[in-house]
Amino acid sequence: MVRCGAAVLRKYGNFIDDLRVYVRGGTGGMGHPRLGGEGGRGGDVWFVAQERITLKGIKEKYPHKRFVAGTGANSSVRALKGEKGKDREVHVPPGISLVTDDGKQIGELNAAGERFLAARGGLGGSLATNFLPCKGQKRIIHLDLKLIADVGLVGFPNAGKSSLLSKISHAKPEIASYPFTTVQPELGKIMYADYKQISVADLPGLIEGAHVNRGMGHKFLKHIERTKQLLLVVDISGFQLSLKTQFRTAFETILLLTKELQLYKEELVTKPALLAVNKMDLPCAKDNLNELMSQLQNPQDFLHLLEEEMIPANTLEFKEVIPVSTYTGEGIEELKAYIRKSIDEEAERENEEYRKKKLLLLQTSQEEKMNRR
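The model shown is predicted, which means the values in this text are computed figures rather than measured ones. (Residues numbered from 1 in each chain as written. Predicted model: local features only at pLDDT ≥ 70, side-chain atom pairs only at ≥ 80, totals over all residues. Heavy atoms only, no water.)

**Here we look at the sheet that holds strand 1 (residues 18-24)**
Then, in step 1: A sheet is described by the order of its strands in space; here five strands give the open sequence 3-1-8-5-6, paired in mixed fashion. What marks the edges here is a single partner per strand, and that holds for strand 3 (66-68) and strand 6 (105-109). Going across the sheet, the axis of each strand differs from the next one's by a mean of 30 degrees, ignoring polarity.
Then, in step 2: Two elements, strand 5 (residues 96-100) and strand 8 (residues 138-145), share five bridges in a ladder whose sense is antiparallel. Bridged to valine 99 within strand 8 is histidine 142. (Pairing = 2+ DSSP bridges. Helix = DSSP H or I, 4+ residues; strand = E, 2+ residues; numbered from the N terminus. Axes fitted to C-alpha atoms, helices over the stretch in contact; angles between N-to-C directions.)

**Comments concerning the nonpolar core**
Then, in step 1: Residues Ile224, Leu232 and Val277 are the most contacted members of the largest nonpolar core, which totals 34 residues.
Then, in step 2: Secondary-structure elements contributing two or more residues to this core are strand 9 (149-154), strand 12 (227-235), helix 5 (250-264), strand 13 (273-278) and helix 6 (285-297).
Then, in step 3: Per element, the largest residue contribution to this core is seven residues, and it comes from helix 5.
Then, in step 4: With near-sequence residues (within four places) excluded, leucine 232 lies in contact with Val154, Leu257, Leu274, Leu275, Ala276, Leu316 and Phe318.
Then, in step 5: Counting 22 residues, the second largest nonpolar core, distinct from the first, contains Leu19, Ile96, Ala119 and Ile141. (Core = buried A, V, L, I, M, F, W, Y, C linked by side-chain atoms within 4.5 Å. Buried < 20%, exposed > 50% of the residue type's maximum accessible area, 1.4 Å probe, protein only. Contact = heavy atoms within 4.5 Å.)

**Examining the confidence of the model for the protein**
Then, in step 1: Mean pLDDT over the protein: 86, with 87% of residues reaching 70 or higher.
Then, in step 2: The least confident element of the protein, judged by mean pLDDT, is helix 1 (residues 6-10) at 33; the most confident is strand 3 at 98.
Then, in step 3: Throughout residues 176-182 the model reports pLDDT below 50, and contacts reaching past four residues in sequence, or to other chains, amount to 26 contacts.
Then, in step 4: Confidence drops under pLDDT 50 across residues 210-217; counting only partners more than four residues distant or on other chains, this segment forms 18 contacts. (pLDDT = per-residue confidence, 0-100.)

**Some words on the pairing of strand 9**
Then, in step 1: Burial analysis of strand 9 places six of its six residues in the buried class, the great majority of the element.
Then, in step 2: With five bridges connecting them, strand 9 and strand 12 associate as parallel partners. Its bridge partner lying in strand 12, leucine 153 is registered against leucine 231.
Then, in step 3: Here three bridges tie strand 9 to strand 11 (residues 197-202), and the two strands are oriented parallel to one another. Bridging across to strand 11, glycine 152 finds its partner in alanine 201.

**Details of a nonpolar patch on the surface**
Then, in step 1: Residues Leu35, Val77 and Leu80 make up a contiguous nonpolar surface patch of about 260 Å² in total accessible area.
Then, in step 2: Relative to the helices and strands, valine 77 resides in the loop between strand 3 and strand 4 (88-92). (Patch = residues over 30% accessible without salt bridge, like charges linked within 9 Å, V, L, I, M, F, W, Y side chains within 5 Å. Areas by Shrake-Rupley, 256 points an atom, 1.4 Å probe, with all protein chains shown as cover. Salt bridge = Lys/Arg side-chain N within 4 Å of Asp/Glu carboxyl O.)

**What to know about the pattern of salt bridges**
Then, in step 1: A full pass over the atoms with the stated rule returns 22 salt bridges.
Then, in step 2: Notably, a salt bridge pairs arginine 20 with aspartate 101, separated by 2.9 Å at the nearest N-O pair. Here arginine 20, found in strand 1, pairs with aspartate 101, found in the loop between strand 5 and strand 6; they are 81 residues apart in sequence, far enough to count as distant.
Then, in step 3: Residue class for arginine 20 comes out partly exposed when judged on its relative accessible area of 42%.
Then, in step 4: You can call aspartate 101 partly exposed: its relative accessible area is 45%.
Then, in step 5: Note that arginine 115 and glutamate 89 form a salt bridge whose closest N and O atoms lie 2.8 Å from each other. Placement of arginine 115 in strand 7 (residues 115-119) and of glutamate 89 in strand 4 is noted, with a sequence separation of 26 residues between them.
Then, in step 6: Among the residues examined, glutamate 89 registers a relative accessible area of 40% and is labelled partly exposed.
Then, in step 7: Connected via shared salt-bridge partners are Arg41, Asp44, Lys84 and Asp87.

This is the structure we're talking about:
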């Protein structure tokens, strides 16, 4: 059992996954009443997804968090049609959801190069506006970052997720012997011999009550939404966060993690999932694993031993259970192989569904053509 200081938890402030910004399109240019000239339209504000950009970097570079496009040029004798104002491009990281102050999502940027029109410029002065320019659109937008990865590591603090990420990928997360070592999401890539790459996100450790934002639960849980699959990591010897919290066995840990995912968003427990049982180098690990496998095979036989509030409505169905040790390296290569197999199977399933939909649409189209003859 280990304890952690408040100073460690405060380090989460170094990572920003929500930024509130002000955007305003440029004002249009003045029209020319005597000659009927039209002012240029104001510039637009665009969000553009770009790699190697962070919300923390945006905040540091633009502390006022205000982005205003250029004003349209006035109509003149030399140029009756004024030029459009300069657009303002704001580079943001991929994986951004764009949310208004009232919580409505208005767009998202998932891949580098994608663009979103955040604020449109105002029209230039013309006959329709009595040659007076219009102001640009203005609004407050939250840049809400949700990490995109193939696999998301989920587990309580000290389950060994950071160590596991460092073993299966080229990531170098900070690792120490106290909870909440990981205070921000870490992203690594598993490299295979055939050059296949699978991205894996180590998400900061959950605690009981994360679904109600205890321990910054929402900051952690929201990143799981954009992962394709889950990899639960549990300590075979169990877990206890502090002297004030109850000790949980590996089986109880799995149920609690499932419950937290389910209470936050039910769809999370429908994702394909693998289970890595870590710290198999510890004494009694094999006996504990045998007990855990028996519990997982017949979970209903053991639910009566737990508090009712701990029991999830639906238990996770693991495609594979892989015993590992990040200390000795046991099971690491097998885990990487199972991750690859699971991702490939899911991709094939999605491709098959796509092919069936295309075939159905083609058949429907042909039937409609035949009926029109």
